[in-house]
Amino acid sequence: MMDTPDGESCTDVADPLQWPDKYGDALYAFAMARLGDRDLAEDLVQETFLAGLAAIDSFRRESSLLTWFMGILRRKIADEFRGRRRNPLQQAVAIKASAGYAFFDRRGKWQLRLRAWRVDPQDVVQSQEFWETLEACMDQLPPTLAAAFRLKQLEGLDAQNVCSALQISSDNLSVRMHRARLLLRTCLDRNWFA
Amino acid sequence: MILTLSCDRAARLLSDAEDRRLTFVERLALRGHLFVCVWCRRYRAQIRLIDDCVRHHSTSRTGVTAKILSDAARLRIRTKIADELGGPHG
């Protein structure tokens, strides 16, 4: 419990072999929620521990070891998003609409003419091909929007948990979800319904 | 507010409606706008389709493996750390 926090972190620092058991699940869940890719999440957890090991001398006890690892992992995830160019499908459906969010004019009217999607929603929802396009579109979202949308819709976290995971206000989350949906709609319109 | 709801605010409310229950006033304003705006009606149908699709795949993929580190990964990582430490197998 809380009796000897110092002693406890001493032990942890001294025994890195215990790290995967003690912190692995928390770090993995965090990475999964953001990346949605199991192999990649596992890799980043491993890299986090190795980076922690290399830099253990710089660990200061005012934070817990888990918090410290989380900081390392966060940076690795940010790097990952920045450098994302691996999936060929992602390039195939590159979208241009993300620049500037110019969906509405100054008076708040639609800039684009939204055409109807003439499909059976039931078919589309089940379609593997549609899902792959949607996933590629999600990968195209700016990272902050992608993280919010994935956590909320794909991982099924409630709004409160998403806000605390991303350290944002509920209003901010609402804006991000709104923008994510605008971009996803446009991406699908261009790449699936075109 | 009811009479002056613009498309951008309507779209924001449509998004919010996917995530929370709108207030009475918001619902009223939105209904009035949707009645006269075909673009926003289309937008609603489209983002609902997107959300339904994501939810559909979310439930089918959040199996047992999703939330915790697999034993294989755990072992692999521990081995890596041991290697890095100079290992007991030295």
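Let me begin by describing the structure that accompanies this report. (Residues numbered from 1 in each chain as written. Chains lettered and ligands numbered in written order. Predicted model: local features only at pLDDT ≥ 70, side-chain atom pairs only at ≥ 80, totals over all residues. Heavy atoms only, no water.)

Some words on a nonpolar patch on the surface
Right, so step 1: A cluster of nonpolar residues, Phe24, Val25 and Leu28 of chain B, forms a patch on the protein surface that exposes about 280 Å² of accessible area.
Right, so step 2: Mapped onto the elements, Phe24 of chain B comes out in helix α2 (residues 24-36). (Patch = residues over 30% accessible without salt bridge, like charges linked within 9 Å, V, L, I, M, F, W, Y side chains within 5 Å. Areas by Shrake-Rupley, 256 points an atom, 1.4 Å probe, with all protein chains shown as cover. Salt bridge = Lys/Arg side-chain N within 4 Å of Asp/Glu carboxyl O. Helix = DSSP H or I, 4+ residues; strand = E, 2+ residues; numbered from the N terminus.)

So, the interface of chain B and chain A
Right, so step 1: Listed as interface residues are 42 residues of chain B and, on the opposing side, 56 residues of chain A.
Right, so step 2: Counting the surface lost from both chain B and chain A, the interface buries some 4,600 Å², and carbon and sulfur atoms represent 62% of this.
Right, so step 3: The interface formed by chain B and chain A contains eight salt bridges.
Right, so step 4: Across the pair Arg181 of chain A and Asp19 of chain B runs a salt bridge whose closest N-O atoms are separated by 3.0 Å. (Contact = heavy atoms within 4.5 Å. Buried area = accessible area lost by both parts, 1.4 Å probe.)

Details of the packing of helix α7 (residues 128-140) of chain A against helix α10 (residues 170-191) of chain A
Residues and elements named next belong to chain A.
Right, so step 1: Remark: α7 packs on α10, axes separated minimally by 9 Å, with the N-to-C direction vectors making an angle of 130°. Here α7 is positioned oblique relative to α10, judged by the angle of their axes. When the axes of α7 and α10 are compared, the crossing they make is right-handed. When α7 is examined against α10, the residues Phe130, Thr133, Leu134, Cys137 and Met138 are found in contact with a partner set consisting of Leu184, Cys187, Leu188 and Asn191.
Right, so step 2: Looking at the contact of α7 with α10 residue by residue, the class counts come to seven nonpolar, two polar and no charged. (Axes fitted to C-alpha atoms, helices over the stretch in contact; angles between N-to-C directions. Parallel < 35°, antiparallel > 145°, perpendicular 65-115°, else oblique. Left-handed = near helix turned anticlockwise from the far one by under 90°. Nonpolar A, V, L, I, M, F, W, Y, C, P; charged D, E, K, R; others polar.)

Remarks on the state of the cysteines
All names here are of chain A.
Right, so step 1: Counted under the stated rule, the structure contains one disulfide over all chains.
Right, so step 2: Two residues share a disulfide in this structure: Cys137 and Cys187, whose sulfurs sit 2.0 Å from each other. Residues Cys137 and Cys187 are joined by a disulfide whose S-S torsion is about -75°; by sign, that bridge is left-handed. With Cys137 in helix α7 and Cys187 in helix α10, the pair connects residues that are 50 residues apart, well separated along the chain. (Disulfide = S-S within 2.5 Å.)

Considerations on the nonpolar core
Right, so step 1: In this structure, Trp110 and Leu134 of chain A are the most contacted members of the largest nonpolar core, which totals 52 residues.
Right, so step 2: Of all the secondary structure elements, the ones that give two or more residues to this core are α6 (121-126), α7, α8 (143-154), α9 (159-166) and α10 of chain A together with α1 (7-19), α2 and α3 (38-61) of chain B.
Right, so step 3: Among the elements that line this core, the one with the most residues is α10 of chain A, at eight residues.
Right, so step 4: Ignoring any residue separated from it by four or fewer positions in sequence, one finds Trp110 of chain A in contact with Phe103, Phe104 and Leu182 of chain A together with Cys7, Ala11, Trp39, Cys40 and Tyr43 of chain B.
Right, so step 5: Judged by nonpolar contacts, the second largest core, of 29 residues, contains Trp19 and Ala31 of chain A together with Leu69 and Ile77 of chain B. (Core = buried A, V, L, I, M, F, W, Y, C linked by side-chain atoms within 4.5 Å. Buried < 20%, exposed > 50% of the residue type's maximum accessible area, 1.4 Å probe, protein only.)

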